[in-house]
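Residues per chain, in single letters:
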Amino acid sequence: MRSHVSAGALLREVARLHVQLQRNCVAYCGGTTSTQCTVLTELGRSGQVTLAELSRRIGLDKGWTSRAIEQLVQEGLVEKIPSTRDRRTVQLSLSAAGEARLAELNRTLNDLATQTFEHIPAAQHEMVRSSLELLQQALQTLTTEAGTCENTDQGEAACECE
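Computed from a predicted model, the values in this text were never measured in an experiment.

Student: Please clarify how the side chain of Q36 should be interpreted in this entry.
Tutor: On the secondary structure map, Q36 appears in helix α2 (residues 34-46). Residue contacts for Q36: discarding those within four places in its chain leaves Q71, L72 and E75.

Structure representation (structure tokens):
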């Protein structure tokens, strides 16, 4: 193990490699772009959301998200449901076809994770899984904390790195 690599650099490299593998696998196996995969995955996670909320959750601007949504609507994977409170607002959700595509994507990505674990000694699988759970909890805590200190003027997190 390379002990001279900082935890931050190691985490960034793991994230980069993981995302790169996912993008390649999904594009090749699922015929879905990485943006479509991100949108479908988030809609599957969150249920009905507005375009603004979806944009915030996936970290893309509203224009980019809107274009991705329009393509998914045309493919029959996403539905726009008019809001009962505000006629200018629509709720976005997965259609039945979108849920089926998401299930297919999840199978593909889970298979990728299984293949990844095949390159780790079996005796260390539980340790890696436990470490990933701790990392997920820590990242979720940071994400939640960042969401509680938003800059209302710009709509972006104003938390400072320490």
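Student: What should I look at first to understand helix α3 (residues 51-58) in this one?
Tutor: An α-helical turn contains 3.6 residues, so any two residues separated by three or four positions project in the same direction. All of the buried residues along α3 are L54, S55 and I58. Viewed along the axis of α3, the buried residues span an arc of 100 degrees, placing them on a single side of the element. Summarising the contacts, the buried residues of α3 are in contact with α2, α4 (62-74) and β2 (90-94). Positive backbone phi, at 75 degrees, marks G59, one or two positions downstream of α3.

Student: For this particular structure, what's the right way to read the packing of α3 against α4?
Tutor: If you want to describe how two helices pack, look at the angle between their axes and the distance between the axes. Relative orientation of the contacting elements α3 and α4 amounts to 110 degrees, with a least axis distance of 9 Å. Classified by the interaxial angle, the pair formed by α3 and α4 is roughly perpendicular. Residues L51, A52, L54, S55 and I58 of α3 touch α4, and the partners they reach there are K62, T65, S66 and I69. For the contact of α3 with α4, the class distribution of residues is five nonpolar, three polar and one charged.

Student: How should the pattern of salt bridges be read in this particular structure?
Tutor: Tallied over the full model, the rule gives eight salt bridges. Two residues, R45 and E42, come together in a salt bridge whose shortest N-O distance is 2.6 Å. Taken together, the residues span about one helical turn, with R45 and E42 both in helix α2 at a distance of three residues. A salt bridge links E133 to R129; its shortest N-O distance comes to 3.7 Å. Here the residue E133 and the residue R129 both occupy positions in helix α6 (residues 125-147), the gap between them amounting to four residues, near one helical turn. E133 gets classed as partly exposed once you look at its relative accessible area, which sits at 37%. It is possible to trace a salt-bridge network through shared partners that takes in E42, R45, E53, R56 and R57.

Reading the values: rules and limits
Residues numbered from 1 in each chain as written. Predicted model: local features only at pLDDT ≥ 70, side-chain atom pairs only at ≥ 80, totals over all residues. Heavy atoms only, no water. Helix = DSSP H or I, 4+ residues; strand = E, 2+ residues; numbered from the N terminus. Contact = heavy atoms within 4.5 Å. Buried < 20%, exposed > 50% of the residue type's maximum accessible area, 1.4 Å probe, protein only. Arc of directions from axis to C-beta. Axes fitted to C-alpha atoms, helices over the stretch in contact; angles between N-to-C directions. Parallel < 35°, antiparallel > 145°, perpendicular 65-115°, else oblique. Nonpolar A, V, L, I, M, F, W, Y, C, P; charged D, E, K, R; others polar. Salt bridge = Lys/Arg side-chain N within 4 Å of Asp/Glu carboxyl O.

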